[in-house]
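Structural overview for review
One-letter residues, chain by chain:
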Amino acid sequence: MKHDPITTEVVRHALETIAEEMGTSMRRTAISVVIKDLRDYSCAVFDAKGGLLACALDVPGLMAAMAPALQATLAKWDDDVSEGDVFITNHPYMGCAHTSDINIFVPVFGDDGKLVGFTGAIAHHADWGGRVAGTAAYDSRSLYQEGVVLAALKLYEGGKPVEAIFDIIRENVRHPDQNMGDLRAQLASARAGCERFARLGKTYGAENLRAILAGLIDYTSRRVRAELSSLPDGIWSAEGAIDDNGITPGARVRYVVDVTLKGDAITFDFSRGDKQMPGGMNIPWASLRSAVQYALTCILPDDIPVNEGVMDAVAIVAPVGGAVNPAHPAAVSDRHIACERLCDVLVDAMGQIAPERASAGWCVGFPVFICESVSPKTGDSAVLLGIIAGGAGAANDRDGASGIDVHLSNCAIIPAESIESNYTLRIDRYELIRDSGGAGEFRGGLGIRADYRNISSRAMDVQTEVEQNAPDSPPWPLAGGQPGTNCSVWMLSDGKEEPLPSKGYFSIPPGGVVSMRGGGGGGAGDPRRRPVERVLDDVKADLVSAEMARSVYRVDPATGVRI
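All values reported here derive from a predicted model rather than from experimental measurement.

**Examining unusual backbone geometry**
In this structure, the amide linkage connecting His 328 to the following residue, Pro 329, adopts the cis form with an omega of 5 degrees. Tracing the chain through its elements places Pro 329 in the loop between β11 (314-317) and α8 (335-353). The phi dihedral of Asp 542 is positive, around 65 degrees, even though this residue is not glycine. Tracing the chain through its elements places Asp 542 in the loop between α10 (532-540) and α11 (546-551).

Below, the structure written as structure tokens:
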């Protein structure tokens, strides 16, 4: 059977469907709200060398991180891969992102008995052991404080479970029943994908399918190189910083990227950025690669398939020992909060290369609420990981989206009903924050406010984290717009509202409330050029106050005319 463009396209969509169905299976069978409701997972299929073939468009920060993890696994095991094997890995210095993101890989064999590829399922486990509940922490100082490290091991060998690994996991996590349930969901997902992938091999023949898969990656590579060739050669630079290094308040950590585009190749050089930090927000190689792939796809046409071919034209320069690509055993469990800032820096650089795709700054503060509570249903302790959304930056032709988990994340907000039925918490508010989006001809997206009330009879210990809290670090505007608002954390008790440090461990008294507030995206263009009817619509929807309409947009909501 010949392979041709039509066959390649049919196989491409079949692979993407397999990845999507794997994700649906995992979400419906998992135990934790982090997978079921927050949707912090991704599924993908790979070729026999560990190259990404197709993925479900779930969490960008996980998609490009899976191939390095699988490739490191294959480098360790070489040809020792058999039917019935299942690999598990989470080692940040063996291609993974951080210890809480557990990778499961299942090999797929063709009708000729030879390896065709792999299916992979990665999911964030609410707790994976370590020094704090929830594992991830801004102030961890070493990988050894960040839970159980699995260095590309076989979880199943020849179809039989390696019980020692399950025993180690059970005895080192806080809620083993939940972890085992989520692992079973990942296994079922990856195995179901394996069956579907193997069926493709029977349909097309294993050898022919391998040629089709190679052709698919080659097609993406050629498309990306053609797009890069259409852009002007040059060097573009951008920089930004997170508020602190996880240990010392106010100790900024800078990210600098120099992007060199020459012909059909592009280089991302991070050499001028700061050295690795003492805390837990260092960005390992896999997450750096994810950020670069994400930023590049932001300026590519939407119809280019997302697979290993996207990175064929890319070179990444990041010396070991930096805040990106740190040296072992630097802590990395909280790398995602820094990744969002890095993405904003990369998007800034990409916007210089392709101005028609530029946007204002996004909310990259990534507010996180973590607590160990008690389930009202079972009485067992349970860890909650809640992520609060912010606003996207406006572009030259559209408003920024409101209340989205930006850039690399793309997780969902956990429904109030799910939190209230699984933890001794009540959600007093989930609402968009009026006036949080930067004003402009095109308005920045709005942030979300989430208020968590302790309804137990005891004080509750919580960990909260937010970036983009420093007064001089709001989402930046574009072309005459205004900046968005910062992220913040507040304690509400006895009718009083007190600001809390951007990162810390706190105790909520019975009846007390912690209020997490996401920032809004920057605006684009002069606010006075925003059409009157759009300003009035924003006021009516309570996205913009009457005061802002008058003072910034120069529109009187009472009369509906320009002032």
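**A look at the packing of aromatic side chains**
Scanning the entire structure with this criterion turns up five aromatic pairs. When the ring centre of Tyr 156 is taken as origin, the NZ or CZ atom of Arg 191, which lies over that ring, is 4.5 Å away.

**Comments concerning the sheet that holds strand β10 (residues 265-269)**
Strand-to-strand pairing in sheets goes through backbone hydrogen bonds, with the strands running parallel or antiparallel. Here we have four strands laid out as an open sheet, ordered β8-β9-β10-β11, and mixed in their pairing. Edge positions in the sheet fall to β8 (234-242) and β11, since each of these pairs with one other strand and no more. Sheet twist, expressed as the mean angle between neighbouring strand axes with direction ignored, is 15 degrees. Pairing of strand β9 (residues 253-262) with β10, which is carried by five bridges, proceeds in the antiparallel orientation. Looking at the pairing, Val 259 lines up with Phe 268 of β10.

**A short note on the state of the cysteines**
What the rule picks out here adds up to zero disulfides. Cysteine Cys 96 shares no disulfide, and the gap to the nearest cysteine sulfur, in Cys 339, comes to 14 Å. Between Cys 487, a cysteine without a disulfide, and Cys 363, which holds the nearest cysteine sulfur, the sulfur-to-sulfur distance is 3.5 Å.

**Regarding the nonpolar core**
Formed by 109 residues in total, the largest nonpolar core has its most connected members in Tyr 255, Phe 268, Phe 270, Phe 369, Leu 384 and Tyr 452. At 11 residues, the largest contribution of residues to this core is made by α8. Leu 384 has contacts with Val 33, Phe 369, Ile 370, Cys 371, Ile 414, Ile 419, Tyr 423, Leu 425 and Tyr 452, leaving out every residue within four places of it along the chain. In this structure, Ile 18, Leu 155, Leu 183 and Leu 187 belong to the second largest nonpolar core, which totals 46 residues.

**What about the packing of helix α3 (residues 60-77) against helix α7 (residues 285-297)?**
For the pair α3 and α7, interaxial distance at closest approach is 8 Å and the crossing angle is 125 degrees. Comparing their axes, α7 and α3 come out oblique. Between α3 and α7 the crossing geometry is right-handed. Residues Pro 60, Gly 61, Ala 64, Ala 65, Ala 67 and Pro 68 of α3 pack against Ala 286, Arg 289, Ser 290, Gln 293 and Tyr 294 of α7. Residues belonging to the contact of α3 with α7 are distributed by class as follows: seven nonpolar, three polar and one charged.

About the thresholds
- Residues numbered from 1 in each chain as written.
- Predicted model: local features only at pLDDT ≥ 70, side-chain atom pairs only at ≥ 80, totals over all residues.
- Heavy atoms only, no water.
- Helix = DSSP H or I, 4+ residues; strand = E, 2+ residues; numbered from the N terminus.
- Phe/Tyr/Trp six-rings, centres within 6.5 Å; stacked < 30°, edge-to-face > 60°.
- Lys NZ or Arg CZ within 6 Å of the ring centre and 35° of its normal.
- Pairing = 2+ DSSP bridges.
- Axes fitted to C-alpha atoms, helices over the stretch in contact; angles between N-to-C directions.
- Disulfide = S-S within 2.5 Å.
- Core = buried A, V, L, I, M, F, W, Y, C linked by side-chain atoms within 4.5 Å.
- Buried < 20%, exposed > 50% of the residue type's maximum accessible area, 1.4 Å probe, protein only.
- Contact = heavy atoms within 4.5 Å.
- Parallel < 35°, antiparallel > 145°, perpendicular 65-115°, else oblique.
- Left-handed = near helix turned anticlockwise from the far one by under 90°.
- Nonpolar A, V, L, I, M, F, W, Y, C, P; charged D, E, K, R; others polar.

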